[in-house]
Amino acid sequence: MTWRVTVLTDDGSWVPVPVDADSMEEAVAAVIDRRGVANVVECEPWDEWARRHRPRFKVGDAVRFETKWGELSGTVGTVDYRGRGRRAFKGCDWSYDVFVRESPACDGEPCLHKHVPECDVRPV
């Protein structure tokens, strides 16, 4: 069976890792042994998790989102799994780094807006 084990990585992001194991305990032990990571947050069967937790957008998708400068449009540069426990992301499982060609946040220059919560992102 494949399990989804969510671990905290060195850069501070939470990442779902698929692990083939006979039990939840073996899945968690495999992640700790393989990656040396002890910061395991959740573990559940991968198929169940995957059905509920797919990002709406992928790298390269054109999106729009609200900011204090109004609505901005750009391209998804990074898809980041954060998990529901992160209050900074409004309870969204996913966030995106969005590249905006002319951003008022950077005086009209190109800018990468980091960690835009999925619940704030819409297709163009």
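Provided above is the structure to which this section pertains.
Okay, so let's go over this structure. Everything numeric here is computed off the predicted structure, so don't read it as measured data. (Residues numbered from 1 in each chain as written. Predicted model: local features only at pLDDT ≥ 70, side-chain atom pairs only at ≥ 80, totals over all residues. Heavy atoms only, no water.)

Another aspect to go through is the sheet that holds strand β4 (residues 62-67). Sheets are built from strands that pair by backbone hydrogen bonding, the pairs being arranged parallel or antiparallel. Taken together, five strands build an open sheet; the order of strands is β7-β6-β5-β4-β8 and the sheet is antiparallel. Here the strands that pair on one side only, and so sit at the sheet edges, are β7 (109-117) and β8 (121-123). Averaged over all adjacent pairs, the angle separating strand axes in this sheet is 40 degrees, with direction ignored. Pairing of β4 with β8 involves three bridges; the strand directions are antiparallel. Within the sheet, the bridge partner assigned to Val 63 lies in β8 and is Pro 123. (Pairing = 2+ DSSP bridges. Helix = DSSP H or I, 4+ residues; strand = E, 2+ residues; numbered from the N terminus. Axes fitted to C-alpha atoms, helices over the stretch in contact; angles between N-to-C directions.)

So, on to the nonpolar core. Formed by 13 residues in total, the largest nonpolar core has its most connected members in Phe 57, Val 63, Phe 65, Tyr 96, Val 98 and Val 121. Mapped by element, the contributors of at least two residues to this core are β4, β5 (70-81) and β6 (94-103). Residue contributions to this core peak at four residues, all from β6. The contact partners of Phe 65, leaving out residues within four places of it in the chain, are Gly 70, Glu 71, Leu 72, Val 98, Val 100, His 113, Val 116, Asp 120 and Val 121. Trp 3, Val 7, Ala 27 and Val 31 belong to the second-largest nonpolar core, a separate cluster that totals eight residues. (Core = buried A, V, L, I, M, F, W, Y, C linked by side-chain atoms within 4.5 Å. Buried < 20%, exposed > 50% of the residue type's maximum accessible area, 1.4 Å probe, protein only. Contact = heavy atoms within 4.5 Å.)

This part takes up the packing of aromatic side chains. The description of an aromatic ring pair rests on the distance of the ring centres and on the angle between the ring planes. All chains considered together, the criterion is met by one aromatic pair. Judged by centre distance (5.6 Å) and plane angle (80 degrees), the rings of Phe 57 and Tyr 96 are edge-to-face. Here Phe 57 is found in the loop between α2 (46-52) and β4, whereas its partner Tyr 96 is found in strand β6, with 39 residues between them in sequence. Owing to a relative accessible area of 7%, Phe 57 belongs among the buried residues under this scheme. With relative accessibility at 0%, the residue Tyr 96 sits in the buried group. (Phe/Tyr/Trp six-rings, centres within 6.5 Å; stacked < 30°, edge-to-face > 60°.)

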